[in-house]
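Per-entry structural report
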Amino acid sequence: MLPHSRWRESNGKIMADKFIKPYVYIVCSLFLMSSFVGYLTPYHYQQEIAKKLLTYFSPLQSYTQLQLFIKIFLNNYISTLLTLLLGLLFGLGPVIFLTINGYTIGNLISFASSKVGIYKISLAIIPHGIFEVPAVLIAASYGLWWGVKNYRKFRYKDTFLDDFSLPIKRYINIVIPLLVIGAFVEAYITPFIIRIFI
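Here is a short report on the structure shown in this document. (Residues numbered from 1 in each chain as written. Predicted model: local features only at pLDDT ≥ 70, side-chain atom pairs only at ≥ 80, totals over all residues. Heavy atoms only, no water.)

1. Considerations on the pattern of salt bridges
All told, the structure shown has one salt bridge when counted by the stated rule. In this structure, aspartate 17 and arginine 170 form a salt bridge, with 2.6 Å as the shortest nitrogen-oxygen distance. Highlighted residues: aspartate 17 in the loop between β2 (13-15) and α1 (21-39) and arginine 170 in helix α6 (residues 166-197), separated in sequence by 153 residues. No difference in accessibility class separates aspartate 17 from arginine 170, as the two residues are buried. (Salt bridge = Lys/Arg side-chain N within 4 Å of Asp/Glu carboxyl O. Helix = DSSP H or I, 4+ residues; strand = E, 2+ residues; numbered from the N terminus. Buried < 20%, exposed > 50% of the residue type's maximum accessible area, 1.4 Å probe, protein only.)

And the structure:
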């Protein structure tokens, strides 16, 4: 067991994996940059993307809150798990996932805020976003780290068998709980906020 690659107890406090910080900075920067590009996309492109997404998500309007909760959780669970696992392909999975999703989110925020204002859009996104976005970024960070370790294994014959299961453990212990909370908020609390304030 490598001492730097586990959460450690120190005076009763849990210490985070310090080695993951550079990867967190990278994925956060990539997500923000792609979101910014999406936000600046010409309006007619934003409109086309919004139409496609509305068509895709329109069946959800007939779902019960429980069905919506399950649907949201499963969608986020599958996408974040794939992001993590595809990180083994030398980090390509997280990069592609963050670029596409950041760009799409930036598009939607810009398009929707032009219709109802940034304040109302914030009310509709932030309550569940504060759980779901960190879950995505954490999964992508460990996926990218996994990819770098895998690259070093092939390029420099490094070994990381001791650390191979670490991203899965972090996914189970951190990402899944965040996704459950985020899906619950999005299914039960966000609609209430939208009805009241939007």
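This is not the end of the story, as more comes after the structure.
2. What about the nonpolar core?
Within soluble globular proteins, side chains that are nonpolar tend to cluster in buried spots. Grouped together as the largest cluster of nonpolar side chains are 30 residues, with contacts concentrated most on Leu98 and Trp145. When residues of this core are traced back to their parent elements, those giving at least two are α1, α3 (65-85), α4 (92-116), α5 (118-156) and α6. In terms of residues, this core owes the most to one element, α5, which gives nine residues. (Core = buried A, V, L, I, M, F, W, Y, C linked by side-chain atoms within 4.5 Å.)

3. Re the packing of α1 against α5
Viewed as axis vectors pointing N to C, α1 and α5 meet at an angle of 120°, and their least axial separation amounts to 8 Å. On the basis of their axis angle, the class for α1 and α5 is oblique. Between α1 and α5 lies a crossing whose hand is right-handed. Facing Tyr23, Val24, Ile26, Val27, Cys28 and Phe31 of α1, the residues of α5 in contact are Val133, Leu137, Ala140, Ser141, Leu144, Trp145 and Val148. (Axes fitted to C-alpha atoms, helices over the stretch in contact; angles between N-to-C directions. Parallel < 35°, antiparallel > 145°, perpendicular 65-115°, else oblique. Left-handed = near helix turned anticlockwise from the far one by under 90°. Contact = heavy atoms within 4.5 Å.)

4. Section: a nonpolar patch on the surface
A surface patch of nonpolar side chains, amounting to about 910 Å² of accessible area, comprises Leu66, Ile70, Leu74, Ile78, Leu82, Leu86, Leu89, Leu92, Ile96 and Ile100. In terms of residue count, the dominant contributor to the nonpolar patch is α3 (five residues). Note on placement: leucine 66 falls in helix α3. (Patch = residues over 30% accessible without salt bridge, like charges linked within 9 Å, V, L, I, M, F, W, Y side chains within 5 Å. Areas by Shrake-Rupley, 256 points an atom, 1.4 Å probe, with all protein chains shown as cover.)

5. Some thoughts on the packing of helix α2 (residues 43-57) against α4
Packing of α2 against α4 brings their axes to within 9 Å, and their N-to-C directions diverge by 100°. The orientation of α2 relative to α4 falls into the category roughly perpendicular. For the pair α2 and α4, contact is made by Tyr43, Tyr45, Gln46, Gln47, Ile49, Ala50 and Leu53 and by Tyr103, Thr104, Asn107, Leu108, Ser110, Phe111, Ser114 and Lys115, respectively.

6. Brief notes about the environment of phenylalanine 69
Residue position: phenylalanine 69 is located in helix α3. In this structure, the C-alpha to C-alpha distance between phenylalanine 69 and tyrosine 188, residues 119 residues apart in sequence, is 7.8 Å. Those residues in contact with phenylalanine 69 that sit more than four places away from it in its chain are Val180, Ala183, Phe184, Ala187 and Tyr188.

7. Section: α5
With 39 residues, α5 should cover 57 Å at 1.5 Å per step; its first-to-last C-alpha distance of 49 Å lies more than 12% under that length. Roughly 60° is the biggest bend found in α5, and it falls at glycine 129. (Expected span 1.5 Å × (residues − 1). Bend = angle between axes of the 7 residues up to and from the residue.)

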